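Next come the chains, spelled out residue by residue.
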Amino acid sequence: MAPPQRALEALCASPVQALHLIDLACRMGQLQPWSLMLHPERIALRPEAAQLHGLPGSGPWPLRELLGCYDEASAERLAHAIRACLRHGETFDLSLPLEALDGERLSVRWAGRAGDEGVVGVLRDDTAAAGESWRERTRQRYLAAMAGGATMRPLLASMIESFEARHPGAIGSILLVDQAAGTLHPCAAAGLPADLLSRLDGVRVGGEAESEGPCGLAAYGGQRIVVPDLAADARWPGFAALAAQHGLHACWSTPVPDVNGRALATFGVYYRSPRGPGPGELRDIDALVSLVGFAVSQSALLEDVRHLLDSAAEVICVFDDHGRFVRVNRAAESLWGRSPESLVGESVDLLVHPDDRARTREEMARVMGGIPAREFPNRNVTADGRVLHMLWSGTWSPENRRMYCFGRDVSAQRRAQAQMRLLERAVESSRSGVLIADARAGDFPLLYANAAMERMTGYPREAFAGRNCRFLQGADRDQPQRKLLREALKKGRECNVVLRNYRADGSLFWNELSLTPVRDEAGAITHVLAVSNDITERRRFEEDLARAISHDAVTELPRYAALEQSALPGKADGQADGGRWWLLFIDVDRFHGVNESMGDQIGDLALRQIAQRLRDTLGGSGRLSRFAGDEFVAVVPQLDRQAVVELAECLRSAVARPISGAPFELRLTASIGISGHPEHGRTPGELLRRAEAAMAQAKREGRDVVCVYSEATMQDFEDRLSLGVHLRGAVERDELELHYQPQFSAEDGSLSSFEALVRWTRSPLGPVPPGRFVPIAESLGLMPQVGGRVLELACRQWRAWQAADLPPVPLAINVSAQQILRADFAARVAETLAEHEIPRGALQFELTESSLMESLDRVRDTLDRLRDLGISLALDDFGTGYSSLAYLKRFAFDKLKIDRSFVSDLRSEGSDAAIARTIIAIGHELGMRVSAEGVETAEQMRLLRGLGCDELQGFLLGRPESAESQLELVRTGRIALDSL
């Protein structure tokens, strides 16, 4: 085959035809050729380029007329580039801003080099790419800021500033929707006048009749409202008049929806002259609307965003002030070949190319100095030695001394840019296969094939010469799209087809083929240009993705969503009866403990065995799917109630068989809930909720139980769900408060401490007793948040009493197992103590035996760290659990609390008195103080004092009350025990 340039020249009968072929190739790449003649100095452009610049006629045009289309600085840059090209033979490549006739801001990219009689080159409307680059940079910037914990209002204000900087003259605003009141309130709108902001504060959300402006209507209808001229719109005369007073004449308002389509906010844009938005502005607005939606969503949505960041293809890193990794998302593994866990604590120098380390350190120092990084390039080295070209953005958080960086691999982009510098090299270096066939000879013999075709097919270039490209199809001729290909060739038109082709080694690949006819000056077709792309991986990915969507990777069971769509007897809309069938919700009891104690690998092995047992037990009786985590759903048709309960018992027994593997043996159980169609529901969704409610009832009945749905079960399930939803926001809404119950010395009645007891008195559902909401908080994993709030409130109150010059009284705080097991618990406690300046000895933590039973080494380490902070430890409710003396020895508590169950029936001669006497003796022998809870009668107090109990607590001595109600007791510091 001929070299690229000679091959192209050989295809054309004249230089004019060669230019025509180059022109065609430019059009395929969205490039516009241009040339500058010197005598006189005039420039020739294609009609599309002339129209882009608003040049009249058909040209060529004087160079000064073209330069007049640009602003002064841009015109001077282009003129200087052309002069340097003519004088020194330099090539140039630059992007210039251009304001179109309709006011839209464009970006035009010019490239040129010296020719025989002037300058020749290509230009391209780069507006879309520039806009997409801005939107991508903006997306990266604010996603990284949100991942770093940036607060909402400064973040939204920055988004408005960014939009206004990109679109001069625009004045942005973000109004938040108050869902309860149905009104809007300004959040970020620094450019709007104060009295207009005051008018916007409280604007009603409603239809045209109820709303008070475009923003209220946009939030109500969920669609963008564009008002090019407020004065000409009769819907809101009051708003238009106020806006006109401040010179605002155009308003576009876009709703910001949540995941359910409800408006969270509105994104408004104002202009001081009547005008409508351009396509680029709308794309920029839509990009920012998406980011605003992320910023104002509730905590659950923010958690989703964090997961999204962790699954992003780009790398997101957090560094400390020494340049060490603190956190990295999962993209690090695919990009650098290193797991995020292995990078934590490592220096950034581990990944940066040696030649770029000093420059990277300098840039990081600039960022830590408060100058954000934008598009900072460096090279990274992967675990297997590959060099990647990266582009980084970064910002510094002085509050927590962390640097948040967002990096993307631009290696492919750099390669593509290098390949496209010259048109001749672009064709030869293209990653797409390029073929040129002779249309004048019979059967379209091939004249040219680029290197990409060699790589794609495994055939050398010589194998293509003189042959029709159908030889790549081998004997596989029965392909419907071959007919489209033949018709396009016959009629001389463009076409796009996908064909099965075969490489030189016989392997199949899918070829996406685009054909374009090449015409001579007379319009006759002389050649055919074909561009080929191997889309085999894309097709395979689509097939794998479809499988991954419908089936679980661990158990190879269908996912419940796929089962619901394809295999359920009844239809999801409930219109068809579907006959009698049952839905079984199967939950493996306490399975999370397997993953935590033995690891995910053993957990997955157990799930696979359980799934196989359930499948074997079901046999042909029904269909099994994996719902989520350790939950399965089985659909069983055409059995009566007794038969389905017996089948469920068989499934339960199958799970209960031991699971063996070296070197472990697991014994698991399952709780199973059953709902039936049609008596328990008409749709799959209803039956699933009811089966899940029955499963939850089985859990409450002790687990390893089969339970059939009942109305009472569902009501309790929904009540717990409702309470759980409100409880999640109780901490943020400041609905929790503390009551304080005194504990007195049994010897002299002096006040020894207060126990801080949490109360939920400001719930939307009314006051909720602790016995109701604490178990729900534990089941939902909310105790760390609730406990953290209790510690915060207790420290505040202790500090408030000290500020009032009251005697220092220690506070006792109950701590849950969920708190103790968190690795950062002691550190969080230390931060709270330091924030409120709480001295050593001011706090005591009360723990139950259940909180000590898991991860003994971790618990002991945490308790040691708490003791180092000056916090004393009490073992609460002693005598009701295992009452393990080993715990008393292992953890060395300061106080032992006798449970109220031994105090309520206390008599001088009885088992409760014997138990109390024993506990007191044990506590004293181990050097601990002993306290008794639930003291409600003078006789109980007398007996406990006689047994040697050190401290007393109960309604007889004082009820839990607010801090204000306990002020007098704090001042006096004692009560007269003998008078009670």
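Structure shown above.
The rules behind each value
Residues numbered from 1 in each chain as written. Predicted model: local features only at pLDDT ≥ 70, side-chain atom pairs only at ≥ 80, totals over all residues. Heavy atoms only, no water. Helix = DSSP H or I, 4+ residues; strand = E, 2+ residues; numbered from the N terminus. Buried < 20%, exposed > 50% of the residue type's maximum accessible area, 1.4 Å probe, protein only. Contact = heavy atoms within 4.5 Å. Areas by Shrake-Rupley, 256 points an atom, 1.4 Å probe, with all protein chains shown as cover. Phe/Tyr/Trp six-rings, centres within 6.5 Å; stacked < 30°, edge-to-face > 60°. Lys NZ or Arg CZ within 6 Å of the ring centre and 35° of its normal. Axes fitted to C-alpha atoms, helices over the stretch in contact; angles between N-to-C directions. Parallel < 35°, antiparallel > 145°, perpendicular 65-115°, else oblique. Nonpolar A, V, L, I, M, F, W, Y, C, P; charged D, E, K, R; others polar. Pairing = 2+ DSSP bridges. Salt bridge = Lys/Arg side-chain N within 4 Å of Asp/Glu carboxyl O. Polar contact = N/O pair within 3.5 Å; in protein donor to acceptor, adjacent residues only side chain to side chain. Expected span 1.5 Å × (residues − 1). Arc of directions from axis to C-beta. Patch = residues over 30% accessible without salt bridge, like charges linked within 9 Å, V, L, I, M, F, W, Y side chains within 5 Å. Disulfide = S-S within 2.5 Å. Core = buried A, V, L, I, M, F, W, Y, C linked by side-chain atoms within 4.5 Å.

K.L.:
An account of the overall build of the protein chain is requested, with residue identities and associated values reported.
P.N.:
If you tally the helices and strands in the protein chain, you get 35 helices and 37 strands. Taken along its principal axes, the extent of the C-alpha atoms in the protein chain is 120 × 75 × 65 Å. Here the protein chain, with 980 residues, has 46% of them falling under the buried criterion. Within the protein chain, contacts between residues at least 6 apart in sequence are counted, and of these 55% link residues at least 24 apart. In the form shown here, the protein chain has an accessible surface area of approximately 47300 Å², with 51% of it arising from carbon and sulfur atoms.

K.L.:
Could you give me a rundown of the packing of aromatic side chains, with the residues and numbers involved?
P.N.:
Per the stated rule, a full pass over the model turns up 17 aromatic pairs. Considering the side-chain rings of Phe319 and Phe325, the 4.7 Å spacing of their centres and the 45° angle between planes classify their relative orientation as tilted. Each of the two residues, Phe319 as well as Phe325, counts as buried. On the basis of an interplanar angle of 65° and a centroid distance of 5.3 Å, the ring pair of Phe585 and Phe627 is categorised as edge-to-face. Here the residue Phe585 occupies a position in strand 23 (residues 581–588), and Phe627 occupies one in strand 24 (residues 623–628), the gap between them amounting to 42 residues. Overall, Phe585 belongs to the buried group, its relative accessible area being 0%. In this structure Phe627 comes out as partly exposed when scored by relative accessible area, which is 30%. Clustering of aromatic rings is evident, with ring pairs tying together Phe319, Phe325, Trp336 and Trp392. Between the NZ or CZ atom of Arg275 and the centre of the ring of Tyr271, over which it lies, the distance is 4.3 Å.

K.L.:
Any chance you could break down the packing of helix 6 (residues 127–147) against helix 11 (residues 279–296) for me, citing the residues and the numbers?
P.N.:
Contact pair helix 6 / helix 11: the axes reach a minimum separation of 10 Å and the direction vectors enclose 10°. When the axes of helix 6 and helix 11 are compared, the pair comes out roughly parallel. Judged by residue contacts, Gly131, Trp134, Arg135, Thr138, Arg139, Tyr142, Leu143 and Met146 of helix 6 engage Gly280, Arg283, Asp284, Ala287, Leu288, Leu291, Phe294 and Ala295 from helix 11. Class assignment of the residues belonging to the contact of helix 6 with helix 11 gives a composition of nine nonpolar, three polar and four charged.

K.L.:
Lay out the sheet that holds strand 31 (residues 751–760) in plain terms, naming residues and giving numbers.
P.N.:
The strand order around the closed barrel built from eight strands is 30-31-32-33-34-35-36-37, with neighbouring strands paired in mixed fashion. Examined bridge by bridge, strand 36 (residues 929–932) and strand 37 (residues 951–952) share two bridges and lie parallel to one another. Directly across from Ser931, in strand 37, lies its bridge partner Glu951.

K.L.:
Describe the pattern of salt bridges, naming the residues involved and giving the relevant values.
P.N.:
Considering all chains together, one arrives at 51 salt bridges under this definition. Glu537 is paired through a salt bridge with Arg540; the nearest N and O atoms lie 2.3 Å apart. In this pair, Glu537 and Arg540 are both assigned in helix 20 (residues 536–550), three residues apart and thus about one turn of the helix distant. Overall, the relative accessible area of 38% leaves Arg540 in the partly exposed class. In this structure, Asp552 and Arg626 form a salt bridge, with 2.9 Å as the shortest nitrogen-oxygen distance.

K.L.:
I'd like a rundown of the environment of Trp392, residues and numbers included.
P.N.:
Position of Trp392 among the secondary structure elements: in strand 16 (residues 387–397). In this structure, the C-alpha to C-alpha distance between Trp392 and Ala475, residues 83 residues apart in sequence, is 50 Å. In this view, Trp392 contacts Val315, Cys317, Trp336, Arg374, Glu375, Phe376, Asn378, Asn380, Cys405, Phe406 and Gly407; residues no more than four positions away in its chain are not counted. Separated by 3.0 Å, the side chains of Trp392 and Asn378 make a polar contact.

K.L.:
Could you give me a rundown of helix 30 (residues 825–836), with the residues and numbers involved?
P.N.:
With 12 residues, helix 30 should reach 16 Å at 1.5 Å per residue; the first-to-last C-alpha distance of 17 Å fits that figure. Among all positions in helix 30, only Phe825, Ala826, Val829, Thr832, Leu833 and His836 are buried. One side of helix 30 carries all its buried residues, which in axial view fall inside an arc of 125°. Of the residues in helix 30, the exposed ones pointing more than 90 degrees away from the buried face are Glu831, Ala834 and Glu835. If you follow the buried residues of helix 30, they end up packed against helix 28 (783–803), helix 29 (817–820), strand 33 (843–847) and helix 31 (856–868). Phi turns positive, to about 55°, at Glu837, one or two residues after helix 30.

K.L.:
Account for the sheet that holds strand 6 (residues 118–125), naming residues and giving values.
P.N.:
If you walk across this open sheet you meet the six strands as 3-2-1-6-5-4, and the pairing is antiparallel. The open sheet terminates on both sides in strands that have one partner only, identified here as strand 3 (61–62) and strand 4 (92–99). Sheet analysis places strand 5 (residues 105–114) next to strand 6, joined by seven bridges and oriented antiparallel. Bridge pairing in strand 6 links Ala114 to Val119.

K.L.:
If you had to explain helix 23 (residues 600–618) to someone new, which residues and values would you point to?
P.N.:
The terminal C-alpha atoms of helix 23, which comprises 19 residues, lie 26 Å apart, in line with the 27 Å expected from a rise of 1.5 Å per residue. Listed in full, the buried residues belonging to helix 23 are Ile602, Gly603, Ala606, Leu607, Ile610, Ala611, Arg613, Leu614 and Leu618. Looking at the residues trailing helix 23, positive phi occurs at Gly619, about 55°.

K.L.:
Quick rundown of the side chain of Asn450? Include the residues and the values.
P.N.:
Position of Asn450 relative to the elements: it lies in the loop between strand 19 (446–449) and helix 18 (451–457). Here Val434 takes part through its backbone nitrogen, which lies 2.9 Å from a polar atom of the side chain of Asn450. Once residues within four sequence positions are removed from consideration, Asn450 is found in contact with Val427, Glu428, Ser430, Ser432, Gly433, Val434 and Arg461.

K.L.:
Before we move on, could you go through the side chain of Thr254 and cite the residues and values that matter?
P.N.:
Mapped onto the secondary structure, Thr254 falls in strand 11 (residues 250–257). Polar contacts involving the side chain of Thr254 include one to the side chain of Arg224, which spans 3.0 Å. What Thr254 contacts, discounting residues up to four positions off in sequence, is Arg224, Ala265, Thr266, Phe267, Ile285, Asp286 and Val289.

K.L.:
Tell me about a nonpolar patch on the surface, and please be specific about residues and values.
P.N.:
Judged by side-chain polarity, Phe541, Leu545 and Ile549 come together as a nonpolar surface patch covering roughly 320 Å² of accessible area. Relative to the helices and strands, Phe541 is located in helix 20. For Phe541, a relative accessible area of 52% corresponds to the exposed category.

K.L.:
Tell me about the packing of helix 7 (residues 152–166) against helix 11, and please be specific about residues and values.
P.N.:
Contact geometry of helix 7 with helix 11 gives a least axis separation of 10 Å together with a crossing angle of 175°. Of the possible angle classes, the one that applies to helix 7 and helix 11 is roughly antiparallel. The residues of helix 11 that touch helix 7, namely those facing Met152, Leu155, Leu156, Met159, Phe163 and Arg166, are Glu281, Asp284, Ile285, Leu288, Leu291, Val292, Ala295 and Val296. Residue composition of the contact of helix 7 with helix 11, grouped by class: 11 nonpolar, no polar and three charged.

K.L.:
Account for the state of the cysteines, with residues named and values stated.
P.N.:
Applying the stated criterion across every chain yields a total of zero disulfides. The structure places no disulfide on Cys215, whose sulfur is separated from the nearest cysteine sulfur, that of Cys251, by 5.0 Å.

K.L.:
Account for the pairing of strand 33, with residues named and values stated.
P.N.:
Here strand 33 lies mainly inside the structure; five of its five residues are buried. Every second residue of strand 33 is oriented toward a common face, with Leu843, Phe845 and Leu847 on one face and Gln844 and Glu846 on the other, all of them buried. Both strand 32 (residues 811–814) and strand 33 contribute to a ladder of four bridges, which runs parallel. Its bridge partner being in strand 33, Ile813 is matched across the sheet by Phe845. Where strand 33 meets strand 34 (residues 872–878), four bridges bridge the pair, whose relative direction is parallel.

K.L.:
I'd like a description of the nonpolar core, backed by residues and values.
P.N.:
Nonpolar side chains tend to gather and get buried jointly when the protein is soluble and globular. Counting 76 residues, the largest nonpolar core has Phe754, Leu843, Phe845, Leu863, Leu866, Phe893 and Leu952 as its most contacted members. Looking at this core element by element, the count peaks at nine residues for helix 28. Residues in contact with Phe754, not counting those within four places in the same chain, are Tyr740, Gln741, Pro742, Gln743, Trp801, Val809, Pro810, Leu811, Ala812, Gln966, Leu969 and Val970. Ranked by size, the runner-up nonpolar core spans 35 residues in total, among them Ala144, Ala188, Phe267 and Ile316.

Shape descriptors only; they carry no functional weight alone.
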